[in-house]
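Given next are the chains, with one letter for each unit.
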Amino acid sequence: MRNKISFELGETELKDSVISIKRVTKVVKGGKNMSFSALVVVGNGNGVAGFGRGKASEVPVAIRKGIESAKKNLIKVNLDGGTLPHGVIGRFGAGKVLIKPAKEGKGVIAGATVRSVLQVLGVRDAVTKVLGSNNPANIVQATFAGLAAVRSKEQVALMRGKNLADL
């Protein structure tokens, strides 16, 4: 992801949200080994968010591992107030997520997976639609792929070699 950032945020600044917890089983010679897999997103509510997966024999340990993994994969997204500057489509695997900005006061209109990501990111107004696969893992990664492609008006003007007023 292009906007990947590497800095340490304090523990109190990050909110976390558990997207899914699955019980997984590995069949071995002596029987079945059961463990839990957790998909977690973290964010500071001000344009920084990340996701991670954790796997352990107990649920709380899996969630903690997922949070630690998410802190290592933080990205910075340029927000325009409480929404995005422009619409994007994020793709990962068979999942596609359409995210569009909305007027102030409209709220986040999204499914549970995308809503969790946008809430920890700090987006208050957006409209989304999941296209294709509805696998939570693919949807989270598609959402982050789309969010990583968001550019501010200043970045677009700089890339085009124009003044901000010309756009």
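Residues numbered from 1 in each chain as written. Predicted model: local features only at pLDDT ≥ 70, side-chain atom pairs only at ≥ 80, totals over all residues. Heavy atoms only, no water.

Labelled according to an unreviewed UniProt entry, the protein appears under the name Small ribosomal subunit protein uS5, originating from Chloracidobacterium sp. N. If you open the UniProt record of the protein and go to Sequence similarities (unreviewed entry), you find "Belongs to the universal ribosomal protein uS5 family." As recorded by UniProt, the Subunit (unreviewed entry) comment attached to the protein reads in full: "Part of the 30S ribosomal subunit. Contacts proteins S4 and S8." (UniProt positions renumbered as here; feature names shortened; annotations may be inferred.)

**Q** Is there a simple way to explain the overall build of the protein in this structure?
**A** Counting its regular elements, the protein contains four helices and eight strands. Principal axes of the C-alpha set define a box for the protein whose edges measure 70 × 35 × 30 Å. Relative to its full complement of 167 residues, the protein shows a buried share of 42%. Excluding contacts between residues fewer than 6 apart, the proportion of contacts in the protein whose partners are at least 24 apart in sequence is 58%. Carbon together with sulfur atoms contributes 49% to the accessible area of the protein, which is approximately 9,500 Å² in total. (Helix = DSSP H or I, 4+ residues; strand = E, 2+ residues; numbered from the N terminus. Buried < 20%, exposed > 50% of the residue type's maximum accessible area, 1.4 Å probe, protein only. Contact = heavy atoms within 4.5 Å. Areas by Shrake-Rupley, 256 points an atom, 1.4 Å probe, with all protein chains shown as cover.)

**Q** Whenever I open this one, the sheet that holds strand β7 (residues 108–109) confuses me. Can you help?
**A** Strand pairing in a sheet takes place through backbone hydrogen bonds and is either antiparallel or parallel in direction. Across the sheet, four strands lie side by side as β5-β6-β8-β7; this open sheet has mixed pairing. With one partner strand each, in any of the chains shown, β5 (88–92) and β7 form the two edges of the open sheet. Bridge count between strand β6 (residues 95–101) and strand β8 (residues 126–132): seven bridges; the pairing is antiparallel. Residue pairing in the sheet places V97 in a bridge with V130 of β8. The sheet contacts of helix α2 (residues 112–121) involve β6, β7 and β8, and relative to β8 the element is tilted by about 140°. Here helix α3 (residues 136–148) sits on the sheet and contacts β5, β6 and β8; the angle it forms with β5, its principal contact strand, is near 135°. (Pairing = 2+ DSSP bridges. Axes fitted to C-alpha atoms, helices over the stretch in contact; angles between N-to-C directions.)

**Q** So what exactly am I meant to see when it comes to the environment of A49 here?
**A** Position of A49 among the secondary structure elements: in strand β3 (residues 48–56). Residue A49 is classed as buried on the basis of its relative accessible area of 1%. For the pair formed by A49 and L14, sequence separation is 35 residues and the distance between their alpha carbons is 8.6 Å.

**Q** Sorry if this is basic, but what is going on with the nonpolar core here?
**A** The nonpolar side chains of soluble globular proteins are, as a tendency, buried together. Ranked by internal contacts, the top residues of the largest apolar core, which has 27 residues, are V41, V77, L84, L118, V140, F144 and L147. Where this core is concerned, the elements lending two or more residues are β2 (31–43), β3, β6, α2 and α3. Element by element, the count of residues in this core is highest for α3, at six residues. Excluding residues that lie within four positions of it along the chain, V41 makes contacts with K15, D16, S17, I19, G50, F51, S116, V117, V120, V140 and F144. Of all hydrophobic cores here, the second largest spans ten residues; its members include V42, V48, I67 and L74. (Core = buried A, V, L, I, M, F, W, Y, C linked by side-chain atoms within 4.5 Å.)

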